Amino acid sequence: MNDSSGSGPANGPGWWQVARAGTCPACGTPGMVWAGRVWEPPKLADHCRTCGEALAVHEASGRALYPLVIPLLALLVFSALRVDDIWRLPLWVYPVVWGPASALLVGLAVRATRAAVLAARVAPRGQR
């Protein structure tokens, strides 16, 4: 059953499926998009091992990610300052909490952005 809502198989996976499960936007096979390990910065694989679609050419990196990362880090700094105003935690708590929180949040945001760019640029196999 094919619907025209933009989420059917004929339209390919959405950016959320690409980010979460690594679903190839061309063939729909899960687990084919991301290269490297979970704790490494998110990076696209060179190509899909199932359909051979070139993925690395669609990599959003460098200056393309500045509009995402800089406001996000500013928000994290202001959040840390606000938490300090409210609770006055010991100094050692800040690097223990905000260091991993910052790395996790920025990593997830970069992964979602790269998945959105990839899903927007690569058309599903059925629509070529």
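Calculation rules
- Residues numbered from 1 in each chain as written.
- Predicted model: local features only at pLDDT ≥ 70, side-chain atom pairs only at ≥ 80, totals over all residues.
- Heavy atoms only, no water.
- Phe/Tyr/Trp six-rings, centres within 6.5 Å; stacked < 30°, edge-to-face > 60°.
- Buried < 20%, exposed > 50% of the residue type's maximum accessible area, 1.4 Å probe, protein only.
- Helix = DSSP H or I, 4+ residues; strand = E, 2+ residues; numbered from the N terminus.
- Expected span 1.5 Å × (residues − 1).
- Contact = heavy atoms within 4.5 Å.
- pLDDT = per-residue confidence, 0-100.
- Arc of directions from axis to C-beta.

Moving on, we get to the packing of aromatic side chains. Each aromatic ring pair is described using two quantities: the centre-to-centre distance and the angle formed by the ring planes. In the structure shown here, the tally under the stated rule is one aromatic pair. With a centroid separation of 6.0 Å and an interplanar angle of 80 degrees, the aromatic rings of Trp-15 and Trp-16 are classed as edge-to-face. Residue classification places Trp-16 among the exposed residues on the basis of a relative accessible area of 51%.

Its 29 residues give helix α3 (residues 93–121) an end-to-end C-alpha distance of 42 Å, which sits within 8% of 42 Å, the value for a rise of 1.5 Å per residue. Of the surrounding elements, those touching the buried residues of α3 are α1 (15–21), β1 (34–35), β2 (43–44) and α2 (66–87).

On average, residues of the chain carry a pLDDT of 83, and 88% of them reach 70 or more. Contacts of residues 1–9 to residues separated by more than four positions or lying in other chains number four contacts, the stretch itself having pLDDT below 50.

A rise of 1.5 Å per residue sets the reference length of α2, with its 22 residues, at 32 Å; its end C-alpha atoms lie 31 Å apart and thus fit the reference within 8%. Three or more residues of α2 are buried, namely Val-69, Leu-72, Leu-76, Ala-80 and Val-83. Mapping the buried residues of α2 onto a view down its axis gives an arc of 80 degrees, with all of them on the same face. Among the exposed residues of α2, those pointing more than 90 degrees away from its buried face are Pro-67, Ile-70, Leu-75, Phe-78, Arg-82 and Asp-85. Each element contacted by the buried residues of α2 is listed here: α3.

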